[in-house]
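One letter stands for each residue in the lines below.
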Amino acid sequence: MAKLLVTGCAGFIGSTLAEQLIKEGHTVIGIDCFRSNYDRNRKERNLSWLSQQPRFHFLEQDLITAEISPLLDGVNVIFHLAALPGVRTSWGADFRSYVDNNILATQRLLETAKESKSINKIVYSSSSSVYGGMNGPTIEDHTPHPISPYGVTKLSAEQLCQLYHINFGLPVQSLRYFTVFGPRQRPDMAFHRIITRILTEQPIPIYGDGEQSRDFTFVDDIVTANILAAHAPSSGEIFNIGGISHLTVNEVITIMEKQTGKKALKNYLPPQPGDPKHTWADISKAKKLLRYEPTFDIEKGIALQIEEIKKDF
Ligand code: NAD
Ligand code: UGA
């Protein structure tokens, strides 16, 4: 079985991915520095099952400052998820942290990985935010026009992956995830905030008229895409990883009202700078080259997320 490294392992997607890799019989090294984008306790809770597994080894390390080479010793695949996520918080003085955690940390990892003899794949977590807005299903060849500082940093890191592939043959694949939801979702994200506020009967901040739409992707489908990308013979490729459902925020709220049996208190606010009006993935390339097929529809995914959030009350 392989030795796999998951950066950002205490986070929403990283912890879910690491659990699946352990279940598949691999040895997993998890790295995270517990960045304060949300509560450390929540991240530690994400690691609770993993920390009981003998094949899981956690290292509290910051990729901006850590000596990377010992972390890559004998590693076969790197799943690079560590980053500062969040579109709307990437303006102003916080941008520096986005540059450091998203671009510099990725460059340090790639620079060290290029010397490794054991690595046969690096899967980078890119983002739909590299595109900016979209008017319909969008393919990977569409010219990126990020409209948030976060999107600029995710695109820069993705381009670093490409140029380490071109210049040094580093076997990197980039996956552009589209708005991920499900259990453990970050507390700043829409589904988490909306479900929590419906359950506690508090007003929900809705940015704009709620008619913005997203290609919402369930976290288990993202995990599957990572594993497929690690196994795929291709390298230097970029893939859209979207879900089954393309819906507006208003439509999502209606589903959540139905499933919780509670009425949402909607507080419409001005649109947020950096927020694309619509995102929509054309996933034909991932279907063809990775055999990726999203399986979780929105109703099923939301039910699982509501069930998880209810445990907090
Ligand atoms: P998350 O914040 O839950 O997880 C990211 C983790 O990375 C955090 O636990 C954080 O502490 C860690 N981290 C950040 N900087 C680090 C550093 N310098 N060294 C070590 N650890 C560091 O976020 P998430 O939603 O799970 O996102 C994971 C990845 O997926 C990110 O790269 C994000 O840009 C990307 N992504 C997420 C979504 C989404 O909808 N959640 C969509 C597109 C792309
Ligand atoms: C998400 C992730 O947070 C990013 O890390 C990721 O890179 C991006 O997806 C992506 O697809 O690449 P976002 O689409 O903004 O970003 O995800 P949500 O926070 O779930 O927001 C979805 C929509 O709901 C946005 O239009 C947002 O403005 C809106 N929203 C969010 C509200 O109306 N109210 C809220 O309280 C939160």
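You'll find the structure just up there.
Here the structure is a predicted model, which means the values were calculated and not measured.

> I tried to follow the site of ligand 1 on my own but got confused; where do I start?
The environment of ligand 1 is formed by 31 residues, the closest being Asp32, Tyr38, Tyr150, Lys154 and Val180. Taking Lys43, its side chain carries an N or O atom lying 3.0 Å from an oxygen atom of ligand 1. About the coverage of ligand 1: the protein hides 98% of its 820 Å² of free accessible area. Of all the secondary structure elements, the ones that give two or more residues to the shell around ligand 1 are α1 (12-23), β5 (121-127) and α4 (149-168). With 3 residues, the top contributor of residues to the shell around ligand 1 is β5. Along the lines of polarity and charge, the residues of the shell around ligand 1 split into 16 nonpolar, 9 polar and 6 charged.

> Please clarify how helix α7 (residues 249-260) should be interpreted in this entry.
Because an α-helix packs 3.6 residues into every turn, residues spaced three or four apart end up facing the same way. Its 12 residues place the ends of α7 16 Å apart at the C-alpha level, agreeing with the 16 Å of an ideal helix rising 1.5 Å per residue. On its buried side, α7 packs onto α5 (190-199), β8 (203-207), β9 (213-218), β11 (245-248), β12 (265-269) and α9 (298-310). Gly261 lies just past α7 and shows a positive phi near 70°.

> I would appreciate a short explanation of unusual backbone geometry in the present structure.
Excluding glycine, a negative phi dihedral is what most residues carry, and trans is how most peptide bonds are arranged. Although it is not a glycine, Phe34 sits at a positive phi angle of roughly 55°. Position of Phe34 relative to the elements: it lies in the loop between β2 (27-32) and α2 (40-46). Phi is positive for Arg291, which is not a glycine, with a value near 60°. Along the chain, Arg291 falls in the loop between α8 (284-290) and α9. On the basis of relative accessibility, which here comes to 66%, the residue Arg291 falls in the exposed class.

> Could you clarify how one ought to interpret the sheet that holds strand β10 (residues 238-241) in this entry?
Within a sheet, each strand pairs with its neighbour through backbone hydrogen bonds, oriented either parallel or antiparallel. With parallel pairing, 7 strands are arranged side by side in an open sheet as β3-β2-β1-β4-β5-β6-β10. The open sheet has two edge strands, β3 (56-60) and β10, and neither has a second partner. Taking each pair of neighbouring strands and ignoring which way they run, the sheet shows an average axis angle of 20°. The pairing of strand β1 (residues 3-7) with β2 spans 5 bridges and is classified as parallel. From the neighbouring strand, Leu5 faces β2, where its bridge partner is Ile29. α1 contacts β1, β2, β3, β4 (77-80) and β6 (172-177) of the sheet and is inclined by roughly 165° relative to β1. Lying over the sheet, helix α6 (residues 219-231) contacts β4, β5, β6 and β10, oriented at roughly 160° with respect to β6.

> Sorry, what's going on with the site of ligand 2 here?
Around ligand 2, the structure places 22 residues, and the nearest of them are Ser127, Ser128, Tyr150, Pro205 and Asp275. Taking Ser128, its side chain carries an N or O atom lying 2.7 Å from an oxygen atom of ligand 2. Contact distances for ligand 2 include 2.6 Å between an oxygen atom and a side-chain N or O atom of Tyr150. Notes on ligand 2: free accessible area 700 Å², of which the protein chains cover 96%. Among the secondary structure elements, those contributing two or more residues to the shell around ligand 2 are α5 and β8. Residues of the shell around ligand 2, tallied by class, amount to 11 nonpolar, 6 polar and 5 charged.

> I tried to follow the packing of aromatic side chains on my own but got confused; where do I start?
Note on aromatic pairs: each is described by the distance of the centres and the angle between the planes. Applying the stated criterion to the full structure yields 8 aromatic pairs. Aromatic side chains Phe181 and Phe191 sit 4.9 Å apart centroid to centroid with 50° between the ring planes, which places their arrangement in the tilted category. On the criterion of sequence distance, the pair formed by Phe181 in strand β7 (residues 180-181) and Phe191 in helix α5 is long-range, its members being 10 residues apart. Comparing Phe181 with Phe191 shows no difference in burial state: the two are buried. Among the aromatic residues, those joined into a ring-pair cluster are Phe181, Phe191, Phe216, Phe218 and Phe296. Against the face of Tyr38 rests Lys43, its NZ or CZ located 4.6 Å from the ring centre. Stacked on the ring of Phe296, the Lys or Arg Lys300 has its end atom at 4.4 Å from the ring centre.

Definitions and cut-offs
As a convention, each chain's residues are numbered from 1 in the sequence order in which they are written. Whichever chain is written first becomes A and whichever ligand is written first becomes 1, with later ones labelled in order. Per-residue local features are limited, in this predicted model, to residues with pLDDT of at least 70; the limit for side-chain atom pairs, both in listing and counting, is 80 or more; totals at the level of whole chains, interfaces and linings are taken over all residues. Each side-chain value is derived from all of the structure's non-hydrogen atoms; neither hydrogens nor water enter the calculation. One heavy atom within 4 Å of a molecule or strand makes the whole residue count as near it. N or O atoms within 3.5 Å of each other form a polar contact, as long as, within protein, one can give a hydrogen and the other can take it, and as long as residues adjacent in sequence are counted only when both atoms are side-chain atoms. Each accessible area is a Shrake-Rupley result for a 1.4 Å probe, and residues are judged covered by the shown protein chains and nothing else. Comment: elements are numbered from the N terminus, with helices defined as DSSP H or I runs of at least four residues and strands as E runs of at least two. Side-chain classes follow a simple rule in which Ala, Val, Leu, Ile, Met, Phe, Trp, Tyr, Cys and Pro form the nonpolar group, Asp, Glu, Lys and Arg form the charged group, and the remainder, Gly included, forms the polar group. In this scheme, a helix's expected span is set at 1.5 Å multiplied by one less than its residue total. The criterion used for residue contact is that any of the two residues' heavy atoms lie within 4.5 Å. Exposure is judged per residue with a 1.4 Å probe applied to protein chains only, and the accessible area is read against the type maximum: over 50% gives exposed, under 20% gives buried, and values in between give partly exposed. The rule for pairing is simple: two strands pair if DSSP sees at least two bridges between them. For helices, the axis comes from a line fit to the C-alpha atoms of the stretch in contact; other axes are also lines fit to C-alpha atoms, and the angle between any two N-to-C directions lies between 0 and 180 degrees. For Phe, Tyr and Trp, where Trp contributes only its six-membered ring, two rings pair if their centres lie within 6.5 Å, and the inter-plane angle classes them as stacked under 30 degrees, edge-to-face over 60, or tilted in between. Any Lys NZ or Arg CZ found within 6 Å of a ring centre and within 35 degrees of that ring's normal is scored as a charge over the ring.

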